[in-house]
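Residue strings, one per chain:
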Amino acid sequence: MHYLYLLLTLLAAFQLPGQAPDRPTSGELHAAIQKLGVVGSALYVAAHPDDENTRMIAYLANVAQVETGYLSMTRGDGGQNLIAPDISELLGLTRTQELLAARRIDGGKQFFTRANDFGYSKHPDETFTIWDKREVLADAVWVIRQQRPDVIILRFDPRAPGSTHGHHTASAVIGMEAFDLAGDPGAFSEQLSAGVEPWQPRRLYWNAYSWGSDTLPDYVDTNDIITVEINSYLPKLGESIAEIAARSRSQHKSQGFGSAGSRAATVEKLELLKGESNGVDGDPFAGIVMDWSRVPGGAEIGTLIDSIAANFDYADPAASAPGLLLVQQSLRSLPDSYWKETKLGELQYIIAGVLGLYVSATTKTPFAVAGDTITTVVEISNRSDQVINLLDLELTTPAIVEINGTSDPITLQPGLSYFDTLQRVASADESTSGPYWLQQEWQLGMYSVENQTLRGRPEGPEYLEVNVLFSIGDAGFGLTYPVRYHYTDPVAGEQFQPFGLLPPVFVECGELSYLFTGNDSKPVTVKVTSAVNEREGELRLDVPDGWSVSPTSQPVTLGKKGQESFYTFTLTPPEGQSQGRITPQLTLANDDKVYDRRLVIIDHPHIPTQTAALPGDAAVARVELRTAGRTVGYLNGAGDAIPEALSSIGLDVSAIDDVEASIGDLSKYDAIVVGVRAYNTLDRMPVYQPRLLNYVKQGGTLIVQYNTDRGLKIGEKELGPYPLELSRDRVTVEDAPVDILAPNHPALNYPNKITAADFTGWVQERGLYFPNKWAPEYTALLGSHDPGEESHDGGLLVADYGEGHFVYTGYSFFRELPAGVPGAYRLFANLIALGQ
């Protein structure tokens with residue numbers, strides 16, 4: 001009999017957070033035991049990563065000690081990135097992990113809908129024209145039915161459309177409607193066959209606030225508001241709630257949200273929007289039964305947990321193990337229920353924690369491919385004075401259970417480690433690892449996820465896990481641990497990173513986009529990266545109608561795992577203007593699959609390394625485009641892909657480093673381009689800026705891309721040779737009309753004549769953070785606006801200064817050029833050509 005399988009079928013899916021094996025302190029263990037005695041749940045709802053009030057989440061999870069979740073409508077795909085050039089879905093992958101890192105600190109759980117962040121929206125009505133409201137609402141209902149919150153808290157006010165980001169208000173509207181529908185068996189009834197039941201939360205609150213003011217909107221009834229002092233000091237953890245919250249919020253590093261903790265009293269306001277009678281000041285759960293008496297037959301369990309907590313020995317946590325095993329026995333005797341499964345899942349890891357059990361399951365490689373033999377080393381250390389028996393090990397995938405570890409009980413003596421080696425062969429029938437929401441083609445506004453059980457999850461299931469069954473005396477307990485890639489870095493020390501199953505090969509075009517300015521052919525280099533040894537195949541380049549490619553195919557020989565090979569095709573455009581995408585496609589011998597994806601690796605020190613297989617294609621366009629001026633210096637800011645895009649149209653682009661920006665000869669450049677948010681991120685901008693302006697004065701052309709007015713490294717009036725003031729003005733509709741305000745200006749005429757046609761096909765937005773005031777020396781070239789608004793004319797300002805030209809632009813070239821938008825290339829080429 002496979003004891004572990006029988007035991008684990010009783011447990012909810014409960015994974016250890018993070019990558020490294022868990023090592024809880026005595027204080028953390030005591031808090032976890034106390035939380036076992038709290039039978040309540042809360043769900044916080046907002047739109048994006050970093051929208052969540054980490055103070056409130058930390059309070060709910062660590063003071064109220066309820067099961068606490070954060071439902072973010074999106075993964076933040078449409079934001080900006082201060083730490084890397086990754087944007088769109090890659091930024092969403094980074095921000096997903098930043099949210100998970102935040103939850104590991106504040107104690108919450110993370111959930112999502114399938115909505116994607118398509119950029120700034122000014123009204124929820126606009127948001128719902130792009131999000132599929134019914135599907136987003138279905139996902140919110142699904143999460144509520146899974147997590148069964150007693151209380152839902154909205155970050156944003158559903159009654160204030162147009163006062164904030166449209167996604168913000170839309171998230172509150174979704175939360176309001178989901179509150180009503182989650183308990184209705186007729187709403188989204190297809191979910192009921194996937195393992196959930198209707199659930200009606202008791203109260204819906206708005207986390208009331210008014211930016212920069214203590215005054216709430218006039219329509220708020222103060223009788224419906226309670227206040228909660230949340231900044232408790234937790235001696236067991238050595239921090240206040242606000243200090244925990246600051247560490248949590250500081251995980252949003254891609255957004256520059258590093259925060260400092262506070263020791264001062266902090267009050268949060270909660271306005272009751274729906275549900276039964278309000279809570280009372282200091283307790284949003286007042287009147288809701290939050291102990292084990294709410295579970296039939298559970299009262300004695302609560303009494304036992306209280307006794308264990310009261311007698312907990314910080315110097316000897318293992319003394320609590322017998323009592324915890326009795327709690328487990330009592331829990332198992334209860335009828336099946338949400339709370340039985342949830343608390344059993346938590347209890348297993350608390351038992352392991354008080355016993356000082358260290359369990360790791362590791363490999364020496366970061367990934368496997370089909371056909372590989374995966375060797376997993378399991379280390380189990382008993383660091384208590386208890387005698388623990390190891391009954392069984394199982395190595396599992398989401399679909400397969402394999403018993404190939406120990407079969408006879410092994411006694412784990414105190415202070416000793418046990419090692420076992422498990423092996424399995426990766427199958428071609430198994431799904432590859434990676435972000436599940438990027439596996440299928442998606443549309444603007446919504447990801448496509450067919451599997452109902454994946455919806456709402458922050459990540460897909462682990463590819464490989466080890467199930468372990470222990471016993472002390474007659475009492476058994478089981479745990480599940482993910483397999484991790486383990487290595488020692490000479491600087492960072494011991495490291496644990498994700499382990500997954502990858503395709504055998506990856507392909508990608510050498511450039512993000514290829515622009516053709518005439519009929520001449522261009523080479524397209526395709527990189528083939530092998531994840532296997534010694535395979536052969538055939539590589540093709542699929543091209544749009546009217547385009548031709550030579551050769552039609554090339555033989556490919558894969559050498560060693562990790563080897564990169566490069567194959568060049570000749571691509572010829574059609575006679576007239578044309579746009580499309582080219583896709584490399586590789587087939588391997590004895591394999592009927594077509595491989596057309598590239599490998600993306602996102603590696604930041606504050607999150608686990610992420611791998612994703614994304615489309616390896618590239619944009620192509622045949623356009624009328626001319627350039628003047630050849631040498632371009634690029635001063636990187638927060639990170640973008642504009643240098644590569646400019647190189648693709650024949651410009652000689654060089655990165656300007658600190659030494660060159662500080663003391664080098666800048667006059668060699670026809671133009672210098674400053675990367676996005678450089679004035680927000682580069683500490684040495686006060687050193688660079690006088691030299692850049694002098695470069696302009698001596699005859700150079702300086703193009704400064706968008707910045708925000710918050711956190712500038714120099715004074716706002718020093719951004720240009722003449723004063724300008726940044727604002728929050730932006731144009732979010734990517735096809736909003738653009739008015740040419742200065743049709744005779746050289747920047748709109750040479751070497752390319754700019755017309756309204758150059759503003760077709762833009763992606764996500766027109767631009768952001770436009771100046772709204774500027775000195776008369778500037779000429780505003782373009783005006784644009786979203787529906788119902790006045791024109792924003794500060795998006796592209798040009799001024800003569802000395803012998804040269806200064807350009808400030810809030811237009812989103814950092815999105816448009818990598819996306820291959822022809823008109824954006826033509827306009828940017830003109831800006832570089834100023835003075836030529």
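Residues numbered from 1 in each chain as written. Predicted model: local features only at pLDDT ≥ 70, side-chain atom pairs only at ≥ 80, totals over all residues. Heavy atoms only, no water.

Q: Talk me through the overall build of the chain; I want residue IDs and the actual numbers.
A: Scanning the chain from N- to C-terminus turns up 17 helices and 44 strands. Taking 836 residues into account, the globule formula puts the C-alpha radius of gyration at 28 Å, and the chain, at 29 Å, falls close to it. Along the three orthogonal principal directions, the C-alpha set of the chain runs to about 85 × 70 × 55 Å. If you sum the accessible surface of the chain, you get close to 33100 Å²; carbon and sulfur atoms cover 49% of it. Computed over 63 positive and 105 negative side-chain charges, the inter-centroid distance for the chain is 2 Å. (Helix = DSSP H or I, 4+ residues; strand = E, 2+ residues; numbered from the N terminus. Rg over C-alpha atoms; globule rule 2.2 N^0.38 Å. Areas by Shrake-Rupley, 256 points an atom, 1.4 Å probe, with all protein chains shown as cover. Lys, Arg positive; Asp, Glu negative; His and termini not counted. Charge placed at Lys NZ, Arg CZ, Asp CG, Glu CD.)

Q: I'd like a rundown of the confidence of the model for the chain, residues and numbers included.
A: On average, the chain scores 93 in pLDDT, and the residues at 70 or more come to 97%. Segment residues 1-17 is flagged for pLDDT under 50; beyond a separation of four residues in sequence, or across chains, it makes 39 contacts in the model. (pLDDT = per-residue confidence, 0-100. Contact = heavy atoms within 4.5 Å.)

Q: Residues and numbers for unusual backbone geometry, please.
A: Serine 550 connects to proline 551 through a cis peptide bond whose omega is -5 degrees. Looking at the element boundaries, proline 551 is found in the loop between strand 26 (548-550) and strand 27 (553-558). The omega torsion of the bond from tyrosine 750 to proline 751 falls at -5 degrees, within 30 degrees of zero and hence cis. Structurally, the position occupied by proline 751 is in the loop between strand 39 (738-740) and strand 40 (767-774). Despite not being glycine, glutamine 65 has its phi angle at roughly 60 degrees, a positive value. For glutamine 65, a relative accessible area of 12% puts it in the buried group. (Buried < 20%, exposed > 50% of the residue type's maximum accessible area, 1.4 Å probe, protein only.)

Q: Any details on the side chain of asparagine 53? Residues and values, ideally.
A: Residue position: asparagine 53 is located in the loop between strand 1 (41-46) and helix 3 (54-62). Classification of asparagine 53 as buried rests on a relative accessible area of 3%. Looking at asparagine 53, its side chain comes within polar contact range of the main-chain nitrogen of arginine 55, at 3.0 Å. For asparagine 53, the side chain forms a polar contact with the side chain of glutamate 268, separated by 3.1 Å. (Polar contact = N/O pair within 3.5 Å; in protein donor to acceptor, adjacent residues only side chain to side chain.)

Q: Outline helix 11 (residues 338-354), listing residues and values.
A: Taking 1.5 Å of rise per residue, 17 residues should cover 24 Å, and helix 11 covers 25 Å from first to last C-alpha, within 8% of that figure. Most of helix 11 is tucked away: 16 of the 17 residues are buried. At the exit of helix 11 stands glycine 356, carrying a positive phi of roughly 70 degrees. (Expected span 1.5 Å × (residues − 1).)

Q: How would you explain the packing of helix 6 (residues 133-147) against helix 7 (residues 166-181) if you had to name every residue and give the values?
A: In the contact formed by helix 6 and helix 7, the axes pass within 9 Å of each other and the chain directions differ by 55 degrees. Taken together, helix 6 and helix 7 sit at an angle that is classed as oblique. Where helix 6 crosses over helix 7, the handedness of that crossing is right-handed. Taking contact as the criterion, the partners of Lys133, Val136, Leu137, Ala140, Val141, Ile144 and Arg145 in helix 6 are, on helix 7, Val173, Ile174, Glu177, Ala178, Phe179 and Leu181. (Axes fitted to C-alpha atoms, helices over the stretch in contact; angles between N-to-C directions. Parallel < 35°, antiparallel > 145°, perpendicular 65-115°, else oblique. Left-handed = near helix turned anticlockwise from the far one by under 90°.)

Q: With reference to specific residues and values, describe the side chain of aspartate 139.
A: Along the chain, aspartate 139 turns up in helix 6. Residue classification places aspartate 139 among the buried residues on the basis of a relative accessible area of 2%. Among all residues touching aspartate 139, those that are not within four sequence positions of it are Thr113, Arg114 and Arg455.

Q: Can you explain the packing of aromatic side chains? Please cite residues and give values.
A: Evaluation of the coordinates by the stated rule reveals 22 aromatic pairs. One residue, lysine 133, lies across the ring of phenylalanine 128, its end atom 5.0 Å from the ring centre. The aromatic ring of tryptophan 762 is capped on one face by arginine 766, whose charged end is 5.4 Å from the ring centroid. (Phe/Tyr/Trp six-rings, centres within 6.5 Å; stacked < 30°, edge-to-face > 60°. Lys NZ or Arg CZ within 6 Å of the ring centre and 35° of its normal.)

Q: Talk me through the sheet that holds strand 34 (residues 631-635); I want residue IDs and the actual numbers.
A: Strands sit in the order 35-34-36-37-44-43-41 across an open sheet of seven strands; the sheet is mixed. Strands with a single pairing partner mark the edges of an open sheet, and in this sheet they are strand 35 (652-655) and strand 41 (779-780). Relative to strand 37 (residues 701-704), strand 36 (residues 671-674) runs parallel, the two sharing four bridges. Bridge pairing links valine 674 to valine 704 in strand 37. The strands touched by helix 17 (residues 822-832) are strand 34, strand 36, strand 37, strand 43 (796-801) and strand 44 (804-809); relative to strand 37, the strand with the most contacts, the crossing angle is about 140 degrees. (Pairing = 2+ DSSP bridges.)

Q: Please give an account of the pairing of strand 36 that cites residues and values.
A: Side chains Ala671 and Val673 of strand 36 all project onto a buried face; the interleaved residues Ile672 and Val674 project onto the opposite face, where all are buried too. Examined bridge by bridge, strand 34 and strand 36 share four bridges and lie parallel to one another. Note on strand 36: the bridge partner recorded for leucine 635 is valine 674.

Q: Outline the pairing of strand 22 (residues 505-509), listing residues and values.
A: Where burial is concerned, most of strand 22 is hidden: five out of the five residues are buried. Side-chain alternation along strand 22 places Val505, Val507 and Cys509 on one buried face and Phe506 and Glu508 on a second face that is also buried. Both strand 22 and strand 24 (residues 522-530) contribute to a ladder of five bridges, which runs antiparallel. Note on strand 24: the bridge partner recorded for valine 505 is serine 530.

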